[in-house]
Each structure stands twice: as C-alpha cells, then as structure tokens.
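Letter by letter, the chains look like this.
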Amino acid sequence: MSDADAAKTSLPASESKTDRLRIRAAWMYFIEQMTQNEIADVLGVGRVTVVRMLAEARSRNEVRIAIESELSEIVRLERELERVFGLEQAFVAPLSSVDADPTAGIAARTGAYLSEAMRSGMRVGVGWGRTLFATLPFIAAKSLTDFQVISLLGGVGVARRFNPAEFAWRFAQVFQGDGYLIPTPAVVDSVETKVALVERCGLQEVFRMADTLDAVLVSIGGIASATTFYRGGFLDEQDREALLSRGAVGDVLFHFFNRQGELLDHPINDRVMSVEVDRLRRAPLRILTSGGHEKTEALVGAMQLIAPTVFITDEESARRILALAGETAKVSNGSKDEIGS
C-alpha cells in the first residue's frame, strides 16, 4: 500500500502522549504494513491496545488517504533512525527554521522522555554539557525511592553563565534521589595523578557503581565547535589539531572517537576522569541526546561507539546523519565490490 492509500491525520499543535502513540501505530500499520503484533512489540503495549488505537484513529476520521500532519515527517524520521541505527526508540524535535538552535527543542523532547522513563530503584549514570543542562526545566519533578544518579565524569574548573557539570546533582534533586559525584577536574595532568585520585581519594566506589547501571544519559561534543570542553581549557589547539589529524569527529565523556565509532589513541584519553565507554554499553537503557550541524559526523560515530537504545535529536540533525550514514554505506559497499572484483 502506498502513502496515498494509507492514513490522514490532523492533530492540535501540542500533541499528547496518547496522540503521539496513536499516530505511530497508524504509521506502522498503514504505511509500513506491520502486523498488529509487531506494532505491539515495538511500542511496548498489548495487541488489544494496538487494535483500540487503530479503531480510534478511524473513528476520529484520521485514517483516510495519507498521514498528513505536522507530525508525519517527524514520525518518518524517527522510524528511519530506528531502522538504520537499530534503535529501540528515536525522538525527533521539530525546528522553527533550518538555522534555528536545536538545543531547546532537543532539551524539551529529552525532558519529556526522562519524566516518563525514570523509575524508582534505578541507578542512572549521567554525563554533562549544555544540552543536558537545558533539559532540567522540562523534567516533571517527582519523588522516586531508591533512585541513584552517578556522575560519569569530573567537573569544570571555570564556570561562566552556568556550570553544566552541576547536571548530575540537579538531576538527582528533581527525583529526590541520591547523587554520587566525581569531585575532580574532568582532565588531570597525568596518568599517575588519575590513578592516585581513584585509588587514594575514595573514588573507587563511584567508578564501581558504574558497572551496574540501569541507564546512562549522555550527550556528545563536536571537536570543531567551541564546546564546554574547550572553553574550560581542557584541550589546547595543539591537542585539537593532533586529534583532528587522527580522524577525531567528537567526544563522549571526553573520550575522542572517529566517524567509525573507534576510540582514538591519544594521551588525553588516558588523563580523563571519566567512566570508560565499555561500561556505558553494559547499561540496558542507553540514552543519547544531541544535535547541531557541527555534530553530524560525531553523531554517526557515536551510534557505533555507544550503541544507544534511545536517541533524541532535532529534525535537521536527523536528516543530516541519515544522509551521511547512507553515503558511508555506499562507500563501504563500493570498497567491498572492489575487493571482490
């Protein structure tokens, strides 16, 4: 069945969670030709709920010819991100214009998701940065029992308008949970200093807690931009040029990686006071929230490095990384063809 034969939907500007779920179900059923059981598995609901949502879509006269609403393109991008990168869920924030700063939109989507996803008894590891800090006003505060937040890296030495490293304890406060911090600079002067701080200053327990995380929440930095990392003086221009020459496209928790999602061999990776990337991948729920033109390559690399289960971005970033992933796949297939010829 073509798009023209499927469903037409009209929603108010501020869609509810129920509306959004119903639209996704209609898209999967009428556009993607998925079965009701398959839709139930993807959405995490029962088949009876899927049947009810589809019936409601019809009764609302939303199912006619094509899915036409401000959400339709967003849903298409979300489904494509899920398919291409093997995500459990993707959330795409709309933008007012191509050149708009995506931070607020991504933060709002992230805050809404976290409000629903956080549960009592969870142990959550978090990074920090401008995007994560901006999510705080959008998170619905509630009291969770036995809720632990572990900072995954040290802090900044110089804070200006805001200190993004505060995110961990502010996030813990939102849910009235316990916060565990790494009270050191994000980067130290030597490996010896790092070892001494971990082994002699009581930080082993914080790092040990990172082995049993229920969820991780991180953003990424693009190496070409003036991110908090560079403004904080952790990376000088000589280091940046050296990383660029080795193919660096960005960092997660100040671990630098290339477009293929491979960590780079550079001394700064050994001096970072942060949890290793391998530990992040052990968490069953891995949330990556980030966007922006300068982070396109970094986001593609992070998909391989972190293997997020949930990805939250803006619509322009979604289009760019999907295009770049498609180009990368073509180049890779072309190389294989050459080898086989």
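Residues numbered from 1 in each chain as written. Predicted model: local features only at pLDDT ≥ 70, side-chain atom pairs only at ≥ 80, totals over all residues. Heavy atoms only, no water.

1. Overview of the sheet that holds strand 2 (residues 123-126)
Sheet strands pair via backbone hydrogen bonds, and the direction of the pair is either parallel or antiparallel. What counts is decided by this rule: Two strands are counted as paired when DSSP detects at least two bridges linking them. Helix and strand labels come from DSSP, where a helix needs a run of H or I of at least four residues and a strand needs a run of E of at least two; each type is numbered from the N terminus. Each axis is a line fitted through C-alpha atoms, and for a helix only the stretch in contact is used; angles between axes span 0 to 180 degrees, taken between their N-to-C directions. Two residues qualify as a contact provided that any one of their heavy atoms is within 4.5 Å of a heavy atom in the partner residue.
Spatially, 1-10-9-5-2-3-4 is the arrangement adopted by the seven strands of the open sheet, whose pairing is parallel. What marks the edges here is a single partner per strand, and that holds for strand 1 (89-93) and strand 4 (178-180). The sheet shows a mean angle of 15° between the axes of neighbouring strands, direction not considered. Each of strand 5 (215-218), strand 9 (285-289) and strand 10 (310-314) touches helix 14 (residues 296-306); the most contacted strand, strand 9, lies at about 170° to it.

2. Quick word on the side chain of Arg 20
Rule in force here: Polar contacts, as counted here, are pairs of nitrogen or oxygen atoms within 3.5 Å of one another; within protein the pair requires one atom able to donate a hydrogen and one able to accept it, and residues that are adjacent in sequence qualify only if both atoms are side-chain atoms.
With respect to the helices and strands, the residue Arg 20 is situated in helix 1 (residues 17-31). Within the local environment of Arg 20, its side chain forms a polar contact with the side chain of Glu 78, the two groups lying 2.4 Å apart.

3. Some words on helix 14
Selection rule: Accessibility here uses a 1.4 Å probe with only protein chains present; expressed as a share of the type maximum, an area under 20% marks a residue as buried, one over 50% as exposed, and anything in between as partly exposed.
Among the 11 residues in helix 14, nine count as buried, and that is most of the element. All of the buried residues along helix 14 are Thr 296, Ala 298, Leu 299, Val 300, Gly 301, Ala 302, Met 303, Leu 305 and Ile 306. Immediately beyond the C-terminal end of helix 14, within one or two residues, lies Ala 307, with a positive phi of roughly 50°.

4. Observations regarding the sheet that holds strand 6 (residues 221-222)
One open sheet accounts for three strands, arranged 6-7-8; its pairing is antiparallel. Bordering the open sheet on either side are strand 6 and strand 8 (255-257), each of which pairs with just one other strand. Against the sheet, helix 14 contacts strand 6, strand 7 (250-252) and strand 8, and its axis sits at roughly 110° relative to strand 8.

5. Brief notes about the side chain of Gln 148
Looking at the element boundaries, Gln 148 is found in strand 3 (residues 148-151). Residues in contact with Gln 148, not counting those within four places in the same chain, are Met 122, Arg 123, Val 124, Asp 178, Tyr 180 and Met 209.

6. Things to note about the nonpolar core
The test is simple: What we call a nonpolar core is a set of buried Ala, Val, Leu, Ile, Met, Phe, Trp, Tyr and Cys residues that are connected through their side-chain atoms within 4.5 Å.
If you look at the biggest cluster of nonpolar residues, it comprises 86 residues, and the most contacted ones within it are Leu 81, Tyr 113, Met 118, Phe 147, Phe 171, Val 252 and Ile 287. The element that contributes the greatest number of residues to this core is helix 14, accounting for seven residues. Contacts of Val 252, omitting those with residues within four sequence positions, involve Val 218, Ser 219, Ile 220, Phe 257, Val 277, Leu 280, Leu 305 and Ile 306.

7. With respect to the environment of Asp 265
Take Asp 265: it is sitting in the loop between strand 8 and helix 12 (267-270). Linking Asp 265 and Leu 243, residues 22 residues apart in sequence, is a C-alpha distance of 9.0 Å.

8. Re the packing of helix 2 (residues 36-43) against helix 3 (residues 47-59)
Put simply, the rule reads: The labels follow the angle: roughly parallel below 35 degrees, roughly antiparallel above 145, roughly perpendicular from 65 to 115, and oblique for the rest. Any residue that is not Ala, Val, Leu, Ile, Met, Phe, Trp, Tyr, Cys, Pro, Asp, Glu, Lys or Arg is counted as polar, Gly included; the first ten are nonpolar and the last four charged.
Where helix 2 meets helix 3, the axes come as close as 8 Å, and the angle between the chain directions of the two elements is 105°. Taken as axis vectors, helix 2 and helix 3 run roughly perpendicular relative to one another. Contacts between helix 2 and helix 3 involve Gln 36, Asn 37, Ile 39, Ala 40 and Leu 43 from the first element and Arg 47, Val 50, Val 51, Met 53 and Leu 54 from the second. For the contact of helix 2 with helix 3, a count of residues per class yields seven nonpolar, two polar and one charged.

9. Overview of the pairing of strand 9
Strand residues, when the strand is regular, have side chains that alternate between the two faces of the sheet. The buried count for strand 9 comes to five of five residues, which makes it a mostly enclosed element. Burial along strand 9 is two-sided: Leu 285, Ile 287 and Thr 289 facing one way and Arg 286 and Leu 288 facing the other are all buried. The pairing of strand 5 with strand 9 spans four bridges and is classified as parallel. Bridging across to strand 9, Val 216 finds its partner in Arg 286.

10. Concerning the packing of aromatic side chains
Test applied: The criterion for an aromatic pair is that two Phe, Tyr or Trp rings (for Trp, the six-membered ring) have centres within 6.5 Å, with stacked assigned to planes under 30 degrees apart, edge-to-face to planes over 60 apart and tilted to the rest.
One pass over the structure, following the stated rule, counts six aromatic pairs. Between Phe 91 and Tyr 113, the ring centres sit 5.3 Å apart and the planes meet at 45°, which makes this aromatic pair tilted. Residue Phe 91 is located in strand 1, and its partner Tyr 113 is located in helix 5 (residues 103-117); the two are separated by 22 residues in the primary sequence. Looking at Phe 91, the relative accessible area reads 11%, which means it is buried. Since its relative accessible area comes to 12%, Tyr 113 is described here as buried.

11. Regarding the confidence of the model for the protein
Rules: Confidence of the predictor in every single residue is expressed as pLDDT, which spans 0 to 100.
Averaged over all residues, the pLDDT of the protein equals 82, while 82% of them reach at least 70. Looking across the protein, the model is least confident in helix 10 (residues 228-231), with a mean pLDDT of 50, and most confident in strand 9, with 98. Confidence over residues 1-14 falls short of pLDDT 50; this stretch has 47 contacts with residues more than four positions distant or in other chains.

12. A few points about unusual backbone geometry
For Asp 146, which is not glycine, the phi torsion reads 50° and is therefore positive. With respect to the helices and strands, the residue Asp 146 is situated in the loop between helix 6 (130-135) and strand 3. In this model, Phe 254 sits at a positive phi of 70°, which is unusual for a non-glycine residue. By the element assignment, Phe 254 lies in the loop between strand 7 and strand 8. Given a relative accessible area of 6%, Phe 254 falls into the buried group.

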